[in-house]
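Summary of the model geometry
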Amino acid sequence: MRMPRSSSVRTVVLLAGVLLLATSCGWSLWDNPMTTVRPQSDFGRAIDGLFMLISWTTLVIFIAVEAALLFVCWRFRDRPGAPIPKQIHGHTALELSWTVAFAVVLLIIGIPTIKIIFKTQEAPAATALRVEVAGKQWWWEFKYPGLNIATANELHLPVGQAVAFHLNAPDVIHSFWIPRLGGKRDVVPHRVNQLVLTPEAVGEYPGQCAEYCGMSHANMRFRVIVHPKDEFDRWVKSQQAPPVESADPLAQQGKTLFTQSACVGCHTITGISGGQVGPNLTHFGSRASLAANMMANTPDNVARWVENPEHMKPGARMPNLGMKGEQSKALAAYLLSLK
Ligand code: CUA
């Protein structure tokens, strides 16, 4: 029976659509900054190697099984007068062979998986750079105890040096994930989890909380900047130095506002305030993004953030302090002057 013309056109359009979708998915998998298939660390490569091994193994099995299925359907199809094919129920050799084949497949997948589980849980070397990560609703705190640096939402690392992340959450469960470098690893209250990796290429990589943790879970992002060693050392020096503030009158007006308002209760600025609730703002002006990598760190965005944090980021813990117009502009000028 011939297919009606409209139906065959529909089939062709559908197939073309599926093909387009499949290829565009494949392309974005490669191109996407959040991709896991182009790892840039030893940890990422280990997981990617395992993923590729399992993918290729299962692809070969899939093709073999489908080919056998098609062959059997064709070879033993019903024909007028054909006898019932020979039955194989209880065939000892066949039963044994496919039991052994499955055991071998499990070993091919299981042995490297267990090896990599142990490898990625190894204790860090003494030379590893220690970074204490705190996942908070909804931002990331990064402390470098050996370097006496505290920052937020921007993680700076030197290329080629092992980093030992110590992960903890003071509120709810989060998950630390830098798709191109490693993770995900849960960040859990009352417990310190570890993650050790060595970034292998200079560049910028986005990170994201990967465990649902409340209203702004999707807005709990961060940036990872992997520097050449000398550039990282310069960053360390700049972060260790006291903040450089501007003599600009608007910025000075902002400083007065900051010191006389509730800001000081939640934020630390070295030499000015010691609040521990919100992000450390000592070098706020040196960061490229604001509110856990939601927006660019520009005067307009900072002023809008100060005026109404909840509007910019649903559920934001920072209260609305009633700063308006000139006040929020002055605060933005002061905070952005802190390089
Ligand atoms: Cu933190 Cu999701």
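As shown above, the structure is provided for reference.
Throughout what follows, the structure given in this document is the object of discussion. All residue numbers refer to positions counted from 1 along the written sequence of the respective chain. A pLDDT threshold of at least 70 governs which residues receive local features in this predicted model, and a stricter bar of 80 or more applies before side-chain atom pairs are shown or counted, although totals over entire chains, interfaces and linings include all residues. Here the side-chain values reflect all heavy atoms present in the structure, with hydrogen atoms and water set aside.

**Observations concerning the sheet that holds strand β1 (residues 129-136)**
Where strands meet in a sheet, backbone hydrogen bonds hold them as pairs that are either parallel or antiparallel. One open sheet accounts for five strands, arranged β3-β2-β1-β5-β8; its pairing is mixed. Of all the strands in the sheet, just β3 (149-152) and β8 (193-197) have a single pairing partner and so form its edges. With direction set aside, neighbouring strand axes in the sheet form an average angle of 20 degrees. Only when DSSP finds a minimum of two bridges between them are two strands counted as paired. Note on conventions: DSSP H or I runs of at least 4 residues are helices, E runs of at least 2 residues are strands, and numbering of each starts at the N terminus. Inspection of the sheet shows strand β5 (residues 163-168) paired to β8 by five bridges, in the antiparallel sense. Bridging across to β8, H166 finds its partner in Q194. In what follows, residue pairs with any heavy atoms lying within 4.5 Å of each other are defined as contacts. Here an angle of 0 to 180 degrees is reported between the N-to-C directions of two axes, which are lines fitted to C-alpha atoms, with helices fitted over the stretch in contact. Sheet contacts for helix α4 (residues 229-240): β1, β2 (139-144) and β3; angle to β3, the most-contacted strand, approximately 95 degrees.

**Let's talk about the pattern of salt bridges**
Note on definitions: salt bridges are taken to be side-chain nitrogens of Lys or Arg within 4 Å of carboxyl oxygens of Asp or Glu. What the rule picks out here adds up to six salt bridges. A salt bridge links E200 to R45; the shortest N-O distance between them is 2.5 Å. In this pair, E200 sits in the loop between β8 and β9 (203-209) while R45 sits in helix α2 (residues 42-75), placing the two residues 155 residues apart along the sequence. When accessible area is computed with a 1.4 Å probe and restricted to protein chains, residues below 20% of their type maximum are described as buried, those above 50% as exposed, and intermediate ones as partly exposed. For R45, a relative accessible area of 46% corresponds to the partly exposed category. A salt bridge links R223 to E154; the nearest nitrogen and oxygen atoms lie 2.4 Å apart. Linking R223 in strand β10 (residues 221-227) with E154 in strand β4 (residues 154-158), this pair joins segments that are 69 residues apart in sequence. The class of R223 is buried, set by a relative accessible area of 11%. Several salt bridges share partner residues, and in doing so they unite E154, E204 and R223 into one network.

**Here's the deal with unusual backbone geometry**
Along the chain, Q137 connects to W138 via a cis peptide bond; the corresponding omega equals -5 degrees. Along the chain, the position of W138 falls in the loop between β1 and β2. In this chain, G183 is followed by K184 through a cis amide linkage whose omega measures 0 degrees. Position of K184 among the secondary structure elements: in strand β7 (residues 182-187). Even without glycine at this site, A292 takes up a positive phi of about 60 degrees.

**Focus on α2**
The span you would expect from a helix comes to 1.5 Å times its residue count less one. Relative to the 50 Å expected for 34 residues at 1.5 Å per residue, α2 spans 49 Å between its end C-alpha atoms, a close match to the ideal helical length. All of the buried residues in α2 are F43, G44, A46, D48, L50 and T57. Buried residues along α2 sit in contact with α3 (92-119), β7 and β8.

**Let's talk about the pairing of β3**
Pairing of β2 with β3 involves four bridges; the strand directions are antiparallel. In the sheet register, Y144 faces β3, and the bridge partner there is I149.

**Considering the packing of aromatic side chains**
We call Phe, Tyr and Trp rings a pair once their centres come within 6.5 Å, taking the six-membered ring for Trp, and we label the pair stacked below 30 degrees between planes, edge-to-face above 60, and tilted otherwise. Summed over the entire model, instances satisfying the criterion amount to nine aromatic pairs. Ring geometry for W140 versus F222: centroids 5.2 Å apart, planes at 55 degrees, classification tilted. With W140 in strand β2 and F222 in strand β10, this residue pair connects regions lying 82 residues apart in the sequence. As far as burial versus exposure is concerned, W140 and F222 are alike and both buried. Ring-over charges, as used throughout, are those where CZ of Arg or NZ of Lys falls within 6 Å of the ring centre and within 35 degrees of the ring normal. Sitting over the face of the ring of W177, K184 holds its NZ or CZ atom 4.5 Å from the ring centroid.

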